[in-house]
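Working through the structure, step by step
As a plain string of letters, each chain reads:
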Amino acid sequence: MYKNILETAEYLRQRMQTKPETAIILGSGLGRLAEEIEVTQEFSYADIPNFPVSTVEGHSGKLILGRLAGKDVMAMQGRFHFYEGYSMKEVTFPERVMHELGIKNLLVSNAAGGMNPAFSIGDLMIITDHINAFPEHPLRGKNVPTGPRFPSMHEAYDKDFIRIVKEVAAAHDIKVQEGVYLGTQGPTYETPAEYRMFHAWGADAVGMSTVPEVIVAVHQGMRVFGVSIITDLGGFGEAVKVTHEEVTAAANAAQPKMALLMGELINRI
Ligand code: HPA
């Protein structure tokens, strides 16, 4: 596995014309940000040795290099979800490669169901912590020698990054929530009882990504920032049916706010 990581990193290193320190996983809501990148190079996932290939609807798969907010960045357009059938090693393979290429900061976004009664659809939630409810752990197996066997997760989400984004949000009059993201395997959305249970566990939002990538990033000493777009609400009041279409619509509507916050953070890192 580690051999594959090094091999893929070597392939990219030989071709990359820049050496970015910040990478962005362009999850839901960050499409707009992708458009703002002055792209210098693109690698289709299919052309990168050992890279898994993205299959999910609405996510194209390529690794982008370019300039954004005055910085060199790397961006993943399309991420790998556990529900697509990938192993956790495959889901987090890109973050392993990023570390070998010198990436120090990882910024992620996602769409999530809100379970905190103070939340509204369309809210942005800064992730302050997470709960890993996936059935397989991304660090299971032989330890990759980029971090300890038993890594601490006491501050998975960088406090300085959170402070910066809160300052930017206040300056631009953008409402932001803060909370705990729970990552679960999907692909079903939660039953009303599951939403209530996750909220009782201490989660404010639930989604099907992010936690594996963040665990691996932290294992490698990266600084992480994450935001959820609250695309639906569950676990309180009447049970409401969630559809992929409304999740996508709410995520798209939040794009300008997301792009601004992420852009400003990149600029100040
Ligand atoms: N549950 C899980 N994943 C999600 C949700 C949800 O309610 N909304 C968007 N992604």
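A short note on the site of the ligand
Close to the ligand lie Ala-111, Ala-112, Gly-113, Tyr-189, Glu-190, Tyr-195, Val-206, Gly-207, Met-208, Thr-231, Asp-232 and Val-247. Between the ligand and Glu-190 there is a distance of 2.6 Å, counted from a nitrogen atom to a side-chain nitrogen or oxygen. Between an oxygen atom of the ligand and a side-chain N or O atom of Tyr-195, the distance comes to 2.7 Å. When the ligand is considered free in solution it has 260 Å² of accessible area, and contact with the protein chains removes 96% of it.

Remarks on the pairing of strand S6 (residues 124-132)
As judged from the 8 bridges shared by S6 and strand S7 (residues 176-183), these two strands associate in the parallel manner. Along S7, the bridge assignment pairs Met-125 with Gln-177. Two elements, S6 and strand S9 (residues 223-233), share 3 bridges in a ladder whose sense is antiparallel. Across the sheet, the residue bridging to Met-125 is Ser-228, located in S9.

Observations regarding the pairing of strand S1 (residues 22-25)
Here S1 shows no split at all, with Thr-22 and Ile-24 on one side and Ala-23 and Ile-25 on the other all buried. Here S1 pairs with strand S4 (residues 71-77) via 4 bridges, running parallel. Residue Ile-25 lies in a different strand from S4, and its bridge partner there is Met-76. Sheet analysis places S1 next to strand S5 (residues 105-114), joined by 4 bridges and oriented parallel. Looking across to S5, one finds that Ile-25 is bridged to Val-108.

Description of the nonpolar core
Residues Ile-24, Met-74, Leu-106 and Phe-225 are the most contacted members of the largest nonpolar core, which totals 76 residues. What Met-74 contacts, discounting residues up to four positions off in sequence, is Met-16, Pro-20, Thr-22, Ala-23, Ile-24, Leu-63, Ile-64, Leu-65, Met-98, Leu-101 and Ile-103. By size, the runner-up hydrophobic cluster in this structure holds 9 residues, among which are Ala-111, Tyr-195, Phe-198 and Ala-203.

So, empty space enclosed by the protein
Across all of its chains, the model carries 2 cavities of 30 Å³ or more by this definition. If you add up the space inside the largest cavity, you get close to 70 Å³. Taken together, 13 residues form the lining of the largest cavity, with Lys-89, Arg-96, Pro-138, Leu-139 and Val-144 sitting closest to its centre. In the lining of the largest cavity, the residues fall into 6 nonpolar, 3 polar and 4 charged. By volume, the second largest cavity amounts to about 30 Å³. Lining of the second largest cavity is provided by Leu-12, Phe-51, Leu-63, Met-74, Met-76, Pro-94, Val-97, Met-98 and Leu-101.

So, how was this worked out
- In every chain, residue numbers begin from 1 and rise along the written sequence.
- Thresholds applied to this predicted model are a pLDDT of at least 70 for local features of residues and 80 or more for the giving and counting of side-chain atom pairs; totals over whole chains, interfaces and linings are not thresholded and use all residues.
- Processing note: side-chain calculations cover all non-hydrogen atoms of the structure and skip hydrogens and water entirely.
- We define proximity as follows: a residue is near a molecule or strand when any one of its heavy atoms falls within 4 Å of that partner.
- For this analysis, a polar contact is any N or O atom pair within 3.5 Å, provided that within protein one partner can donate a hydrogen and the other can accept it, and provided that sequence-adjacent residues contribute only side-chain to side-chain pairs.
- Reported accessibility uses the Shrake-Rupley method at a 1.4 Å probe radius. Residues are deemed covered only where the shown protein chains occlude them.
- Two strands pair under a simple rule: DSSP has to find at least two bridges between them.
- Strands here mean DSSP runs of E at least two residues long; helices mean DSSP runs of H or I at least four residues long; both are numbered from the N terminus.
- Each residue gets one of three labels from its accessible area relative to the maximum for its type: buried under 20%, exposed over 50%, partly exposed in between, using a 1.4 Å probe on protein chains only.
- By nonpolar core is meant a set of buried Ala, Val, Leu, Ile, Met, Phe, Trp, Tyr and Cys residues that side-chain atoms within 4.5 Å join together.
- Contacts are residue-level and defined by heavy atoms, with any inter-residue pair within 4.5 Å sufficient.
- As defined here, a cavity is a set of points on a 1 Å grid over the protein atoms alone where a 1.4 Å probe fits but cannot get out. A pocket is an open set with protein on both sides within 12 Å along at least five of seven lines, and residues line them when an atom is within 4 Å of a point.
- Grid points are joined across faces, edges and corners, and a volume is the space filled by probe spheres set on the points.
- Amino acids outside the nonpolar list (Ala, Val, Leu, Ile, Met, Phe, Trp, Tyr, Cys, Pro) and the charged list (Asp, Glu, Lys, Arg) are all regarded as polar, and Gly is one of them.

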